[in-house]
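Examining the three-dimensional arrangement
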Amino acid sequence: MFCSVIIPTIGRDTVARAVNSALAQPLPCEAFEVIVVNDSGQPLQPAAWQQSPQVTVITTNKRERCVARNTAAAVAKGDYLYFLDDDDWLLPHALATFQQLALDHPQAAWLYGGLEIVDQAGKLLGEANSGLSGNCCAQVMGGAWVPIQTSLIRSDFFFSVGGYNPHIIGTEDQDLCRRIAIQGDFANTPEVVACLFRGEGWQTSTIYARAPEDTRLSRDLVAEEPHAFKRLIASAATPYWYGRIFRIYTSLALWHLQHKRLFIALSRTLYAIAIFFSAGGGSLTWPFWEGVRAHHVPGTLHFIEKKLQETPRY
Amino acid sequence: MFCSTIIPTVGRNTLTRSVESVLKQEFTAAPHELIVVNDSGQPLSWESWHKDERVTIINTQRHERSFARNSGAAVAHGRYLHFLDDDDWLAPDALQNFWELAQQSSAAWLYGRSQLVTATSEPIIQLHHGLQGNCFLNTMAGEWIPLQASLIRTDAFFVVGGFNPLVAGPEDIDLLRRITLTEDVAEVQTVVAYIIRGHAWSTTDYEGHAEQSRWVREKILALPHAFERMQATADNAYWHGRIGRLYLTSLVWNLRRRRPLTAASRGWQTLRACLHAGRYLFAPPFWQSLAHAYDSDTFQRGFAAVGQTPS
């Protein structure tokens, strides 16, 4: 089977739209399946999509999305895994686009396309596609955004990194992306494949207050991985990305220092110095220091949402 | 619901014995359920227990036991989780004994004695671990409690993130260590599980076991409060020596892997362990413990009880 579409839900009404957008994909039935993980702790409202032979419903017991997604991935039969939130949806040609991308890049661990951000009337509020391909380790570690809603992950890579880390809640998608980027390459298509809903009544179950600490923990776990540093340096092609990973290592050093883990702080500091010198003359250029200075990378949801907040929508 | 028993299976024909030992428990005080995780990649052959309303079957796609067990835990409703292998089985009064223990103890890890048997169900020895309360130091030193004879509080299981799916072989010891880092254990003094002994029968990969075991122990040594939790129960020269040895062997392990700063940090912890030992530093058991690997006497005691010597 080509792909398993996994939709964890907390019982929101929008789950029908998400499931139907997957079922409507013009691919043979045996090419993909849909696994809905009901983590709401309540039975789902009966709906027509539950009768589809392509749909499997699993009921987990309010274990949060990482555990829910890992459970669905364990039962999935697809060679690739696609994780969709219950308030977002796929565009009609998405899986066909991914199938072609998979044929063109069979070795890639992570395939992804473009994202549209829309309101309840379908009005386009923004677009995102970072356009990165190949070894993107420095970029995803440095903060580039590869939305999970637009990504197809090769199943064997997902399991080789242990799936989602249940200790990281809120930024679990980026954490998975970083750990897979250490192991394998990315392939990108300029096609828009999915829609992210940011309309009236939009609610999130993400605990954003935890995000900064979880992000530091995630980056630190990646920095601990063998060969992570080599792969980071190999992918930092410009002074800007050298600057980004220099920033990551120095901020990790400070984080460990705050927690009185002096030896690890020293280790991260030495790596930051190594990055500075690896950049060669680039570390004396403005893009390097721009990378060090910036809180967020251009094209991320932070800037899109900031722009949305500045523009009256209704 | 009191308890969810989770049986991951690779489709062995001993599964029915394991399942029926759970479904035929002499226990009526509270509901319990059984979750069979079929990780064989093939459909299970039909058995009458499939119809039992207490049974849920999940089909995972050959992702090894940690993923299978975590999946079973995710759908479970019980206050406690019990992980049984598909070739082992429960004693008829096991859940009743666990229930009585759970009424008296708030420990996150409840366990009982286990009876080791041969592949033809002939009894070999009983394992009696004798661990109570904070036993983090014992588990880090190398002590082990079989999952089959244990009930784990569900909230404690999820707080530590469940089984580490990157660990295959010592995943049960790894879970035990991570839970005992913050939680206590309590023991019931009866046989609760029957476990088949022998590598030939096992699906465990024992080849990479030692290296994986070291690797997961390294991860736990790096967790906050590990040193303090061990110090809290080190009440004699022998156990102070064991703490010193844990950090000393970690120092060597990290040096061999060219991680000099982590090795230096372990060196500092070794020094701290010696300073905390105080007067015990001058007792021979401290240095004997520091010099030799841990040798659990659980098996020796079991063989001595039946008048045999370990083979």
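The present account deals with the structure reproduced in this document. Computed from a prediction, not measured in an experiment: that's the story for all the values here.

All told, the structure shown has 29 salt bridges over all chains when counted by the stated rule. Salt-bridge contacts for B:Asp87 lead to B:Arg12; the nearest nitrogen and oxygen are separated by 3.6 Å. Of this pair, B:Asp87 sits in the loop between β4 (80–83) and β5 (89–90) while B:Arg12 sits in the loop between β1 (3–9) and α1 (15–23); the two residues are 75 residues apart in sequence, bridging distant segments of the chain. On the accessibility criterion, B:Asp87 (6% relative accessible area) is buried. Note that B:Asp85 is salt-bridged to B:Arg69, the shortest N-O span being 3.0 Å. Taken together, the residues B:Asp85 in the loop between β4 and β5 and B:Arg69 in helix α2 (residues 64–75) connect sequence positions 16 residues apart. The structure contains a network of salt bridges with shared partners spanning A:Glu64, A:Arg65, A:Arg69, A:Asp85, A:Glu172 and A:Asp173.

Okay, the packing of helix α9 (residues 239–258) of chain A against helix α11 (residues 286–293) of chain A next. All names here are of chain A. Where α9 meets α11, the closest approach of the two axes is 7 Å, and the angle between their N-to-C directions is 35 degrees. Our pair here, α9 against α11, has a crossing hand that is right-handed. Where α9 abuts α11, its residues Pro239, Tyr240, Tyr242, Gly243, Arg244, Phe246 and Arg247 lie against Pro287, Phe288, Trp289, Glu290, Gly291, Val292 and Arg293. Per-class residue counts for the contact of α9 with α11 are 8 nonpolar, 2 polar and 4 charged.

Core analysis: the largest hydrophobic core is formed by 88 residues, its most contacted members being A:Trp110 and B:Trp109. Per-element accounting of this core gives the leading share, 9 residues, to α9(A). With sequence-adjacent residues up to four places away left out, B:Trp109 is seen in contact with B:Ile145, B:Leu147, B:Ser150, B:Leu151, B:Ile152, B:Leu175, B:Leu176, B:Ile179, B:Asp184, B:Val185 and B:Ala186. Counting residues in each nonpolar core, the second largest holds 38 residues, with A:Cys3, A:Leu27, A:Ala94 and A:Leu196 among its members.

So, on to the interface of chain A and chain B. Opposite the 25 residues of chain A that make contact, chain B presents 24 residues. Between chain A and chain B, a total of about 1,900 Å² is buried, with carbon and sulfur atoms accounting for 67% of that surface. Of all residues in chain A, the largest losses of buried area upon contact with chain B belong to A:Arg63, A:Ala74 and A:Phe263, amounting jointly to 29% of the total for that side. Counting across the interface, chain A meets chain B through 0 salt bridges. Linking chain A with chain B are 5 residue pairs in polar contact (both at pLDDT 80 or more), by the criterion used here. Counting residues per element, the ones that place at least two in the side of chain A that touches chain B are β3 (55–59), α2 (64–75), α5 (155–160) and α10 (262–278) of chain A. For the side of chain A that touches chain B, the element with the most residues is α2(A), which contributes 6 residues. Residue classes in the side of chain A that touches chain B are distributed as 12 nonpolar, 10 polar and 3 charged.

Taken as a whole and judged by the stated rule, the model has 34 aromatic pairs over all chains. Considering the side-chain rings of A:Phe246 and A:Phe276, the 6.0 Å spacing of their centres and the 50 degrees angle between planes classify their relative orientation as tilted. Of this pair, A:Phe246 sits in helix α9 while A:Phe276 sits in helix α10; the two residues are 30 residues apart in sequence, bridging distant segments of the chain. Seen from their ring centres, A:Phe288 and A:Trp289 are 5.0 Å apart, and the 75 degrees between their planes marks the pair as edge-to-face. Using a relative accessible area of 0% as the deciding quantity, one classes A:Phe288 as buried. When its relative accessible area of 36% is taken as the criterion, A:Trp289 is described as partly exposed. The positively charged end of A:Arg261 is found above the aromatic ring belonging to A:Trp255, 5.0 Å away from the centroid. Between the NZ or CZ atom of B:Arg272 and the centre of the ring of B:Phe227, over which it lies, the distance is 4.1 Å.

Quick notes on the rules
Residues numbered from 1 in each chain as written. Chains lettered and ligands numbered in written order. Predicted model: local features only at pLDDT ≥ 70, side-chain atom pairs only at ≥ 80, totals over all residues. Heavy atoms only, no water. Salt bridge = Lys/Arg side-chain N within 4 Å of Asp/Glu carboxyl O. Helix = DSSP H or I, 4+ residues; strand = E, 2+ residues; numbered from the N terminus. Buried < 20%, exposed > 50% of the residue type's maximum accessible area, 1.4 Å probe, protein only. Axes fitted to C-alpha atoms, helices over the stretch in contact; angles between N-to-C directions. Left-handed = near helix turned anticlockwise from the far one by under 90°. Contact = heavy atoms within 4.5 Å. Nonpolar A, V, L, I, M, F, W, Y, C, P; charged D, E, K, R; others polar. Core = buried A, V, L, I, M, F, W, Y, C linked by side-chain atoms within 4.5 Å. Buried area = accessible area lost by both parts, 1.4 Å probe. Polar contact = N/O pair within 3.5 Å; in protein donor to acceptor, adjacent residues only side chain to side chain. Phe/Tyr/Trp six-rings, centres within 6.5 Å; stacked < 30°, edge-to-face > 60°. Lys NZ or Arg CZ within 6 Å of the ring centre and 35° of its normal.

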